[in-house]
Amino acid sequence: MRHAKDYIASKQFPNPDQCIWLRSALFYTQLCPIERCVSMTSYYHQQTAADLMTRECVTIREDENLETAASRILGQGVSNVPVIREESGKRILLGFLSEKDLLECFFDSTLYQSPDVPIARKARMNPVCVRADTDLPTLSCIFLQHKFRHMPVVEDGEFLGMVSRRDILRGFLKHYQEQLKKEPAERKTPEMDDTYNSRFIVG
């Protein structure tokens, strides 16, 4: 799969049905195509998605059925689960199943006649992802602009974990606490213009 910067340079944006990658300060999304590099301040770049994400996540295998998926979501108290394929010891991300998706499934007569049909057929495939090296400012930009609650962290197709708004908040709290240890004149405040207002619409 081509990296986002290749699409930006060529202006040939990928089909929205493809998996969209968001990486570091150079990224593209189907919600807000980015034309140029977003410049972020560097003083808190050391925190990345790999540092902030939850690695132990509830998942569903692509061959599991509706009953298994619904029971797991209810049993684990989560609102959605990644759908994965186990391949050569790796978890390959295929899509997501939400509570809403599963509710709709209970109105599908084919699942009553064939209860062992793999629920992956009902999943939302090719989700928007971030890479493990996506830094904290870029993550905040993505979450603030596009109102995601959580996103999968993927590297070369392998599902590594999930990063959430709460994880981003935790990252900024760490930064804030580190700044308070310094003299007031040396404390650095993130600029909102570096994140929320970094919108460069193609058009």
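Residues numbered from 1 in each chain as written. Predicted model: local features only at pLDDT ≥ 70, side-chain atom pairs only at ≥ 80, totals over all residues. Heavy atoms only, no water.

Undergrad: Quick rundown of the nonpolar core? Include the residues and the values.
TA: Counting residues in hydrophobic clusters, the biggest one holds 15 residues, and the most contacted among them are Val130, Leu139, Phe143, Met151, Val153, Val163 and Ile168. Among the elements of the structure, helix H2 (49-52), helix H6 (136-146) and strand E8 (150-155) are those that each provide at least two residues to this core. No other element matches the four residues that H6 contributes to this core. Once residues lying within four places of it in the same chain are set aside, the contact partners of Ile168 are Leu52, Leu136, Leu139, Ser140, Phe143 and Val163. By size, the runner-up hydrophobic cluster in this structure holds 14 residues, among which are Ile60, Val83, Leu97 and Leu111. (Core = buried A, V, L, I, M, F, W, Y, C linked by side-chain atoms within 4.5 Å. Buried < 20%, exposed > 50% of the residue type's maximum accessible area, 1.4 Å probe, protein only. Helix = DSSP H or I, 4+ residues; strand = E, 2+ residues; numbered from the N terminus. Contact = heavy atoms within 4.5 Å.)

Undergrad: Any details on the confidence of the model for the protein? Residues and values, ideally.
TA: Taken as a whole, the protein shows an average pLDDT of 77; of its residues, 72% reach a score of 70 or greater. Predicted confidence is poor over residues 1-43, with pLDDT under 50, and the contacts of this stretch with residues over four places away or in other chains come to 110 contacts. Of the regions scoring below 50 in pLDDT, residues 197-203 engages in 18 contacts with residues more than four places distant in sequence or in other chains. (pLDDT = per-residue confidence, 0-100.)

Undergrad: Describe the pairing of strand E5 (residues 90-98), naming the residues involved and giving the relevant values.
TA: Burial runs high along E5: seven of the nine residues are buried. Sheet topology places strand E4 (residues 80-87) next to E5; eight bridges connect them, and they run antiparallel. Residue pairing for E5: Val83 is matched across the bridge by Gly95. The loop that links E4 with its antiparallel partner E5 comprises two residues; one of these, Ser88, has a positive phi angle of about 55°. Note: E5 against strand E6 (residues 124-125), two bridges, orientation antiparallel. Across the sheet, Gly95 pairs through a bridge with Met125, a residue of E6. (Pairing = 2+ DSSP bridges.)

Undergrad: I'd love a proper account of the environment of Gly161, names of residues and values included.
TA: Topologically, Gly161 is positioned in strand E9 (residues 158-164). Among the residues examined, Gly161 registers a relative accessible area of 0% and is labelled buried. Separated by 79 residues in sequence, Gly161 and Pro82 have C-alpha atoms that sit 9.4 Å apart. Discounting residues that sit within four places of it in the chain, Gly161 has contacts with Met53, Thr54, Arg55, Cys57, Met151, Pro152 and Val153.

Undergrad: How would you explain H6 if you had to name every residue and give the values?
TA: H6 sits mainly inside the fold: 10 of its 11 residues count as buried. Considered for burial, the residues of H6 that qualify are Leu136, Pro137, Thr138, Leu139, Ser140, Cys141, Ile142, Phe143, Gln145 and His146. Downstream of H6 by a residue or two, Lys147 has a phi angle that is positive, lying close to 60°.

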